[in-house]
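Listed below are the residues making up each chain.
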There are 2 protein chains.
Amino acid sequence: MKGEDVLMAGGQGPSGVAMADDGSRVGVCLRELLEGHRLSPSQRRIARHLLERPHEAVFLSSVDIAEAVGTSQPSVTRFAFALGFNGFPEFRDHLRAALRDGEGGGPAVKATGLNPVQAMVDSELRNLERLRDTLGDPGPLAEVAAELAASRPLPVIGLRVSAPLARFFGYLAAKAHPDVRVIDTAGSTLEDRLSRARAAGATCVLAFGLPRYPRELRDGLAWARRAGLRVALVTDQPVNALAEHADVVLTAPVSSQFAFDSQAAPSVLCAALVHSMVYALPAHEQASIEEFENSATERRLFLPD
Amino acid sequence: MKGEDVLMAGGQGPSGVAMADDGSRVGVCLRELLEGHRLSPSQRRIARHLLERPHEAVFLSSVDIAEAVGTSQPSVTRFAFALGFNGFPEFRDHLRAALRDGEGGGPAVKATGLNPVQAMVDSELRNLERLRDTLGDPGPLAEVAAELAASRPLPVIGLRVSAPLARFFGYLAAKAHPDVRVIDTAGSTLEDRLSRARAAGATCVLAFGLPRYPRELRDGLAWARRAGLRVALVTDQPVNALAEHADVVLTAPVSSQFAFDSQAAPSVLCAALVHSMVYALPAHEQASIEEFENSATERRLFLPD
DNA sequence: GTAATCCTGCATGAAATTATACATTCACCA
DNA sequence: TGGTGAATGTATAATTTCATGCAGGATTAC
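Remember, predicted model here, so these are calculated numbers, not experimental data. (Residues numbered from 1 in each chain as written. Chains lettered and ligands numbered in written order. Predicted model: local features only at pLDDT ≥ 70, side-chain atom pairs only at ≥ 80, totals over all residues. Heavy atoms only, no water.)

(A) Representation of the packing of aromatic side chains in the model. Residue and element names in this part refer to chain A. Enumeration over the complete set of coordinates arrives at nine aromatic pairs over all chains. For the ring pair Phe-169 and Phe-208, a centre distance of 6.0 Å and an interplane angle of 55° mean the geometry is tilted. Taken together, the residues span a long stretch of sequence, with Phe-169 in helix 9 (residues 163–173) and Phe-208 in strand 3 (residues 204–209) at a distance of 39 residues. Note on accessibility: Phe-169 and Phe-208 belong to one class, buried. Three or more aromatic residues joined by ring pairs make a cluster, and in this case those are Phe-79, Phe-85, Phe-88 and Phe-91. (Phe/Tyr/Trp six-rings, centres within 6.5 Å; stacked < 30°, edge-to-face > 60°. Helix = DSSP H or I, 4+ residues; strand = E, 2+ residues; numbered from the N terminus. Buried < 20%, exposed > 50% of the residue type's maximum accessible area, 1.4 Å probe, protein only.)

See the structure below:
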């Protein structure tokens, strides 16, 4: 193995502290394997070495171990055989499997007594879970929100299937931002309106690009960038044909196993974005939200809940 | 790699704990690497594949990845070079190092609960679960779908915050229904357009009415009924100020504990509705979906995934 | 429409990893 | 002392993994 240097730190010392992290999971796996096997002296040294570095163990090659222990590579192979495996790779895969069980193993798979439509919803549920997990680090979202909040005006692009998303975002954001301009047509119209927004002081643009990715959106993003606008993109994958034309990418997974995809996760991301934008706004504009609500109530625009 | 079968599970099931497990650590490492790198289509597929299985990624060989992605092994090597590494092993060691750094941190980081934005997503998750459960009985959905599919034309109403939803439904439904007419303006316009639709043969209308319920929507629904149209309503509660003006009600719960609500569940319900509508359509119109897809591909409207 | 560029897979060679054959050493015992 | 057998290392073969040259094909630019 060439890059063994990257694996030499970490670990958790012989007196293994924190039970139940993944390393010790490999450790218990090893202990189980060693149970009731008669090992030769050098094989014991190998075992001891692995037990002391359960994290690295899963990555080490037979020569790595041999060198570290100060023995020969065939001895490592024979060590694997002595433990009942059919070769060193088989032994190592056993360790890797133990590590993986630890990582994924939390919740059990549920019985799938779901009808097709329910399966569809379930699929979107998982997408939302993924979104929630990626938001564990609030940095990127807050960063984008701040940029968007600071841009006056704020152009928002959504073409084709993403047009409703852009409008939805526009509707929410308008409560917190004085000048949101939704663009849902492509071609020269798009460039015209971007151009005007740029001239009016816009510093960045928000784009929604869900599958299937319109070619025209890519062109629009490229154009916006050349025009000096920072491009924030909401899409379903961190890397795709659109992402390379964006400065910041927020991902909201969508299902593609069904004929018609919903936009559950992107919709939630919209709400989260606007939510974050509010905190990036000056106080007097936060107040204007309340204002609108009140005036709307006065005009009896809405029915009682 | 011989024992790839041992690595096929993983991920983090339905009730997934939180961020900051080792897999997502590899994930963020990958994201950082991908940032600002121009990738070819097949390289993007590779990146996606790895992002979807961060746990396994650290163990995969270049041929493993190539086979899984359906590309050639040299493409994987080139992928590593494109990311600035000096070879595939170097790239893989980088990922492994990220994983190791995470393990040192131990279970401490895991204990952290959800941040506010995550709580928001979590709230929508529960809404989706409720939606899934209510769809356990496919009857109402199929019934509404059949009615909608049979109405020519099919008027779809969504005002204010629900306008994007109506447009989204319209976009999807247009693939399966020859004459969908989205109405997102209120007042006399609404009645005009409903009237024309009725004259053209419409038998029912679909309305989206999420909080806060526009007074004008209630008026519109009442008007539609008097005009002899059957009213199907998508809203958030089985009974509210709008439901009494509808013949059939489909409920899609939304959160109201946050300043800005997303439309996750209604969005999914849209997709489910259209999905069900397809099965209520004659075969030749189902075929027209494919047709559109093909013609769109021919016109190279979309970018490759 | 044509040329230039980029992308991609195939074939192949180089490097690394693992398994096996064989020789040597050492402990133990007659 | 010489024999026996397990243990271990050396050398090497077999397998796997990785890198690169080259040609065909697609896309873009002019």
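(B) Focus on the nonpolar core. Core analysis: the largest hydrophobic core is formed by 95 residues, its most contacted members being A:Phe169, A:Leu273, B:Phe169 and B:Leu273. Counting 54 residues, the second-largest nonpolar core is a separate cluster that includes A:Val26, A:Ile46, A:Phe91 and B:Val69. (Core = buried A, V, L, I, M, F, W, Y, C linked by side-chain atoms within 4.5 Å.)

(C) Here's a closer look at the pattern of salt bridges. For the coordinates displayed, the defined rule picks out 20 salt bridges over all chains. The closest approach of N and O atoms between A:Arg167 and A:Asp184, which form a salt bridge, is 3.1 Å. On the criterion of sequence distance, the pair formed by A:Arg167 in helix 9 and A:Asp184 in the loop between strand 2 (180–183) and helix 10 (188–199) is long-range, its members being 17 residues apart. A residue is classified by how much of its surface remains accessible, and A:Arg167, at 35% relative accessible area, is partly exposed. The partly exposed category is assigned to A:Asp184, whose relative accessible area is 24%. In this structure, the salt-bridge partner of B:Arg44 is A:Glu244, at a minimum N-O distance of 3.2 Å. Within this pair, whereas B:Arg44 is found in helix 2 (residues 41–52), its partner A:Glu244 is found in the loop between strand 4 (230–235) and strand 5 (248–251), the two belonging to separate chains. What you see here is one network of salt bridges that share partners, running through A:Asp122, A:Arg126, B:Arg132 and B:Asp133. (Salt bridge = Lys/Arg side-chain N within 4 Å of Asp/Glu carboxyl O.)

(D) Structural detail: the confidence of the model for chain A. Summary statistics for chain A give a mean pLDDT of 86 and a share of 84% for residues scoring 70 or more. Low pLDDT, under 50, characterises residues 1–20 of chain A; the predicted model gives this stretch 32 contacts beyond four residues in sequence or across chains. (pLDDT = per-residue confidence, 0-100. Contact = heavy atoms within 4.5 Å.)

(E) Spatial organisation of the sheet that holds strand 4 of chain A. All names here are of chain A. Here five strands make up an open sheet; going across it, the order is 2-1-3-4-5 and the pairing parallel. Since the sheet does not close on itself, it has two edges, and those belong to strand 2 and strand 5, each with one partner. Taken pair by pair, the neighbouring strands of this sheet meet at an average axis angle of 20°, ignoring direction. Relative to strand 5, strand 4 is paired through four bridges, and the arrangement is parallel. When the sheet's bridge partners are listed, Ala-232 is paired in strand 5 with Val-248. Contacting strand 1 (154–158), strand 3, strand 4 and strand 5, helix 8 (residues 139–150) crosses the sheet at an angle of about 120° to strand 5. (Pairing = 2+ DSSP bridges. Axes fitted to C-alpha atoms, helices over the stretch in contact; angles between N-to-C directions.)

(F) Region of interest: the sheet that holds strand 2 (residues 180–183) of chain B. All names here are of chain B. As summarised here, the arrangement of the five strands in space is 2-1-3-4-5, forming an open sheet in which the pairing is parallel. The open sheet has two edge strands, strand 2 and strand 5 (248–251), and neither has a second partner. Averaged over all pairs of adjacent strands, the angle between strand axes in this sheet comes to 20°, irrespective of strand direction. Two strands pair when backbone bridges link them, and strand 1 (residues 154–158) and strand 2 are joined in this way by four bridges, in the parallel orientation. Within the sheet, the bridge partner assigned to Pro-155 lies in strand 2 and is Arg-181. Packed onto the sheet, helix 9 (residues 163–173) meets strand 1, strand 2 and strand 3 (204–209) and runs at close to 155° relative to strand 1. Sitting on the sheet, helix 10 (residues 188–200) is in contact with strand 1, strand 2 and strand 3, with an inclination near 165° to strand 2.

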